[in-house]
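Observations on the model geometry
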Amino acid sequence: MKSIKKCLIFTAILFFSFQVFAQELTKFTIVESLREHDLNPQTTSYASDAQLLTGLYEGLFTYDPVNLNPTYAIATDYRISRDKKRWTFTICSDACFSNGEKITASDVRDSWLRLLATPEAPYASLLDVIVGAEAYRSGKGSEDDVAIYANSENSLSIHLVKPANYLPKVLCHPAFSVVHRNPTVYSGPFYLDDMELGYYSLKKNPYYWDKDKVALEEILIYQSDDEKENAYYFNTGLADWVTAALDTSILIDKKAFHYNAEFATSYFFFKVDDSVWGKPEFRTALFEAFPWDEVRKDYYVQAKTFVYPITGYPEIDGFSYTDIGEAKNLMAAAREKYGIAADEKLPLIFEMPENGFSSERLALISDAWAQLGVDLQIRVKKSQEYYGRVKASSANLFIYTWIGDFADPLAFLELFRGDSTLNDTLWKNEEFDKLIDLAAEASEDERYKLLGQAETILMDSCMVIPIHHPIITNVIDKNVCGGWSENAFDIHPLKYLNKKVEKSTVPNIVLK
C-alpha cells in the first residue's frame, strides 16, 4: 500500500503536468486527519463524514456555500397547504444518479422509507413529523401508512402531523438525501472513483443535473496526522485545503490559517437509569459542587449553556458558579429523601473515549465531588467502542462534542426529545417535548423563544454539563480557491469548490 507521502509526491508530479496543459484548475486536493469514513448518509452522525457526503449525495435541498441557508437541489419548488400540513415538492426533471438513471419522486420516497426502517439511523426521528413515520419507524405501523406520496415522476407530497416551518433546514442534511439501492451509485455532484486506506478520489458525476456549475473534475482526499508534513504539503502547493492539524510555525502563508468558533458544544451528560444519578436531586448537588471556572478556564470559547448561541435566540441562564456548602446541603437532603446513609459512598461511572478529557480536569472534578461522598470512576473506551453505544452502557456519565447539523437550535435540542432516535440519555420531559412541538408551528421569533424555554427546562434538570464550544481550524488560500467560506458549522459543500475566486450567485430559498 502506498504511503500518503508517496501519494502526495505523485500528486505533485500530476500537478506539474496539469500546469503544462493548463488543466490544474480542475483538480482539488484536501488533507484531513486519519479516520475511517462511514459513507452511508443514513447511518452516520459524524460531521467529518457529512463534509465528504455533501459531494456524493443530494436531496431536495442543499446548503448555500456562504451562509448555509437551504437552497434548492433536486427540488425546484415546493408548495404548502393553507393548514401548513401538506407539502408538495417539484422534482428536477434533469436529476439523475451517477449511473444515468433518472431520479424520481419515488426514489425520494423509497430513500426516506429505508431511512425510517433502519434501526441504527440516528436522524430518522426528524421525519416523525410526517403522518405514520413514527409508527413505522418504531415497528408499530406499516410503510403504506407513511404519508409520503409520489404523485408523478416529478411530484412528491408529504402530509404532516403538525406544521414544521423548519423542514427545509432539516432536509439539507445528508441523511435525507436520495440514496440508490446500489451503494456505488450516487445522487450528488461527484461519485466515489477510488478508495483505500487514507485516500479517496471523487470524480465529477457526468449525469448530475447541475454539472455545468461544478468546476472540479476530481477531488483528492488524503489523510495524515503528521503536523509538519501537512504544513509542507500546503506550503508546496500539494494540498489546496488542509483540515488536519499542522505545524503553524512553519506555515508560510499565515493568512491562509482560518479559525473560528464552531456551531457545537462539548459537554458531559447523564443517562437516566435506576441509580441515584437518574434522580434530579442528586444531579443538582453535583452541579453546585462542579468546579466550573477551573474546568473551563483554558478554553477559548466557554459554554455556559447547551445550545450554541445564534442570532435571535434568547439568552439562557447557564451554570457558572460553585457553592460547595450548598452542594453538601443538597446532597444531604437527597440522601435523606431516598434513605441513603450520610456516609455511604456513591459510585459514579464516567465513561469516555481515549483522550476524551484531560487527567488534570478529571482530578478537579473528582476532588470536588468526593466532598459529597461521590466516588468518580473513570472508564476509558476506544472510540469505535464508545460512540453509538451509550444506550447499552452501564455507565452514568458520558462526554460528547455535538456539532449542529443544520442552522437551528433544534439541531441540539433534538438530542433530548423523548422519542428522538438521537436521544441516548433516555431522559423524557413532557413539558420539554410540548415546547418543541409548539415551536414547529410558531413564527421564527416566537419559535426561538419557545425553544429557549425548552432549553431552560433541560438545564434545570441538570442533565447536561456544558464545557466549551470547539474551535474550527482550516488552512486554505481564499485568493486561489473559491467556493469556500468560513462558517460556524464548518460545512463546505464540495459542489462549489473551485480554483479561482468567484462570487456566489446561489439563490437562497425564501421560506414560505
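Everything numeric here is computed off the predicted structure, so don't read it as measured data. (Residues numbered from 1 in each chain as written. Predicted model: local features only at pLDDT ≥ 70, side-chain atom pairs only at ≥ 80, totals over all residues. Heavy atoms only, no water.)

Looking at the overall build of the protein chain
Scanning the protein chain from N- to C-terminus turns up 14 helices and 18 strands. Over its C-alpha atoms the protein chain spans a radius of gyration of 24 Å, differing by no more than 12% from the 24 Å that the globule rule assigns to 512 residues. Considering only C-alpha atoms, the protein chain reaches an extent of 80 × 60 × 40 Å along its principal axes. For the protein chain, long-range pairs separated by at least 24 residues make up 71% of all intrachain contacts whose partners lie at least 6 apart in sequence. Carbon and sulfur atoms provide 50% of the accessible area of the protein chain, an area that totals close to 22,700 Å². Treating the 52 positive side-chain charges of the protein chain as one cloud and the 74 negative ones as another, the clouds have centres 3 Å apart. (Helix = DSSP H or I, 4+ residues; strand = E, 2+ residues; numbered from the N terminus. Rg over C-alpha atoms; globule rule 2.2 N^0.38 Å. Contact = heavy atoms within 4.5 Å. Areas by Shrake-Rupley, 256 points an atom, 1.4 Å probe, with all protein chains shown as cover. Lys, Arg positive; Asp, Glu negative; His and termini not counted. Charge placed at Lys NZ, Arg CZ, Asp CG, Glu CD.)

A short note on the sheet that holds strand β4 (residues 75-80)
Strands sit in the order β4-β5-β7-β6 across an open sheet of 4 strands; the sheet is antiparallel. Looking at which strands have only one partner, the edges of the open sheet turn out to be β4 and β6 (148-152). Across the sheet, the mean angle separating the axes of adjacent strands is 20° when strand polarity is ignored. (Pairing = 2+ DSSP bridges. Axes fitted to C-alpha atoms, helices over the stretch in contact; angles between N-to-C directions.)

Some details on the sheet that holds strand β18 (residues 471-476)
Read from one edge to the other, the open sheet built from 7 strands follows the order β8-β9-β10-β1-β11-β18-β12, with strand pairing classed as mixed. Across the chains shown, the open sheet's two edge strands, defined by having one partner strand only, are β8 (190-196) and β12 (257-261). By the bridge criterion, 5 bridges tie β12 to β18 in an arrangement that is antiparallel. Within the sheet, the bridge partner assigned to Tyr-259 lies in β18 and is Thr-473. Its contacts with the sheet place helix α2 (residues 47-56) against β8, β9 (199-204), β10 (218-223) and β11 (241-242), and it is angled at close to 130° to β8.

A word on helix α7 (residues 280-289)
For α7, the tally of buried residues reaches 7 of 10 residues, placing the bulk of the element in the interior. Buried residues of α7: Phe-282, Arg-283, Ala-285, Leu-286, Phe-287, Glu-288 and Ala-289, and no others. (Buried < 20%, exposed > 50% of the residue type's maximum accessible area, 1.4 Å probe, protein only.)

What about the packing of helix α13 (residues 430-439) against helix α14 (residues 444-460)?
Helix-helix packing is characterised by the crossing angle of the two axes and by the distance between the axes. Direction vectors running N to C along α13 and α14 enclose 165°, while the axes themselves pass 8 Å from each other. One way to sum up the angle between α13 and α14 is to call them roughly antiparallel. Crossing geometry of α13 relative to α14 is assigned as left-handed. Packed against α13, whose contacting residues are Glu-431, Phe-432, Leu-435, Ile-436, Leu-438 and Ala-439, the element α14 presents Arg-447, Leu-450, Leu-451, Gln-453, Ala-454, Glu-455, Ile-457 and Leu-458 at the interface. Looking at the contact of α13 with α14 residue by residue, the class counts come to 10 nonpolar, 1 polar and 3 charged. (Parallel < 35°, antiparallel > 145°, perpendicular 65-115°, else oblique. Left-handed = near helix turned anticlockwise from the far one by under 90°. Nonpolar A, V, L, I, M, F, W, Y, C, P; charged D, E, K, R; others polar.)

Focus: the nonpolar core
One recurring pattern in soluble globular proteins is that nonpolar side chains are buried together. Of all hydrophobic cores here, the largest spans 123 residues; its most connected members are Trp-112, Ile-130 and Trp-369. The leading source of residues in this core is α14, at 7 residues. Not counting the four nearest positions on each side in its chain, Ile-130 is found in contact with Trp-112, Val-146, Ala-147, Ile-148, Ile-158, His-159, Leu-160 and Val-161. Formed by 24 residues, the second largest nonpolar core is a distinct cluster that contains Leu-39, Tyr-208, Leu-216 and Trp-241. (Core = buried A, V, L, I, M, F, W, Y, C linked by side-chain atoms within 4.5 Å.)

Looking at empty space enclosed by the protein
Any empty space left between atoms is shown by rolling a water-sized probe over those atoms. This model, assessed by the stated rule, comprises 5 cavities of 30 Å³ or more. A volume near 90 Å³ is recorded for the largest cavity. Surrounding the largest cavity, 13 residues form its lining, Thr-54, Tyr-57, Glu-58, Thr-62 and Cys-172 being those nearest its centre. Sorting the residues of the lining of the largest cavity by element identifies α2 and β2 (61-63) as the ones contributing at least two each. Looking at which element gives the most residues to the lining of the largest cavity, the answer is β2, with 3 residues. (1 Å grid on protein atoms, 1.4 Å probe; cavity = no way out; pocket = protein on both sides within 12 Å on 5 of 7 lines; lining within 4 Å. Points joined across faces, edges and corners; volume = space filled by probe spheres on them.)

Details of the packing of α7 against helix α9 (residues 324-337)
α9 packs onto α7 with a crossing angle of 165° between their chain directions and a minimal axis gap of 8 Å. The orientation of α7 with respect to α9, classified from their angle, is roughly antiparallel. Of the two possible hands of crossing, α7 and α9 adopt the one that is left-handed. Contact residues: Glu-281, Phe-282, Thr-284, Ala-285, Glu-288 and Ala-289 in α7; Ile-324, Glu-326, Ala-327, Leu-330, Met-331, Ala-334, Arg-335 and Lys-337 in α9. Broken down by class, the residue content of the contact of α7 with α9 amounts to 8 nonpolar, 1 polar and 5 charged.

Brief notes about the packing of aromatic side chains
The geometry of two aromatic rings is summed up by the distance between their centres and the angle between their planes. Within this structure, the stated rule accounts for 37 aromatic pairs. Centre to centre, the rings of Phe-268 and Phe-290 are 6.3 Å apart; their planes meet at 75°, and the pair counts as edge-to-face. Residue Phe-268 is found in strand β13 (residues 264-270), and its partner Phe-290 is found in the loop between α7 and α8 (292-296); the two are separated by 22 residues along the sequence. Positioned above the aromatic ring of Tyr-338, the side-chain terminus of Lys-279 is 5.3 Å from the ring centre. Its guanidinium or amino end placed over the ring of Phe-357, Arg-361 lies 5.9 Å from that ring's centre, counting from NZ or CZ. (Phe/Tyr/Trp six-rings, centres within 6.5 Å; stacked < 30°, edge-to-face > 60°. Lys NZ or Arg CZ within 6 Å of the ring centre and 35° of its normal.)

Description of α14
Taking 1.5 Å per residue as the helical rise, α14 with its 17 residues ought to reach 24 Å, and the 24 Å between its terminal C-alpha atoms agrees with that figure. The elements touched by buried residues of α14 are α5 (167-170), α12 (410-413), α13 and β17 (464-468). Downstream of α14 by one or two residues, Cys-462 has phi in the positive range, about 55°. (Expected span 1.5 Å × (residues − 1).)

Observations concerning the environment of Pro-353
Within the secondary structure, Pro-353 is located in strand β14 (residues 346-353). For the pair Pro-353 and Glu-294, spaced 59 residues apart in sequence, the C-alpha to C-alpha distance is 22 Å. In this structure Pro-353 touches Val-380, Lys-381, Ser-383, Tyr-386, Tyr-387 and Ile-399, once residues within four positions along its chain are discounted.

What about the pattern of salt bridges?
A complete count under the given rule lists 17 salt bridges for this structure. Of the charged contacts, one joins Arg-417 and Asp-128 as a salt bridge, the two residues approaching to 3.8 Å between their closest N and O atoms. Taken as a pair, Arg-417 in the loop between α12 and α13 and Asp-128 in the loop between α3 (105-116) and α4 (133-137) lie far apart in primary sequence, 289 residues in all. By relative accessible area, Asp-128 is classed as buried at 10%. Here Glu-486 and Lys-478 are joined by a salt bridge, their closest N and O atoms 3.5 Å apart. Judged by its relative accessible area of 31%, Lys-478 is partly exposed. Salt bridges linked by common partners bring Asp-128, Arg-137, Glu-414 and Arg-417 together as one network. (Salt bridge = Lys/Arg side-chain N within 4 Å of Asp/Glu carboxyl O.)

Just distances and angles here, no functional claims.
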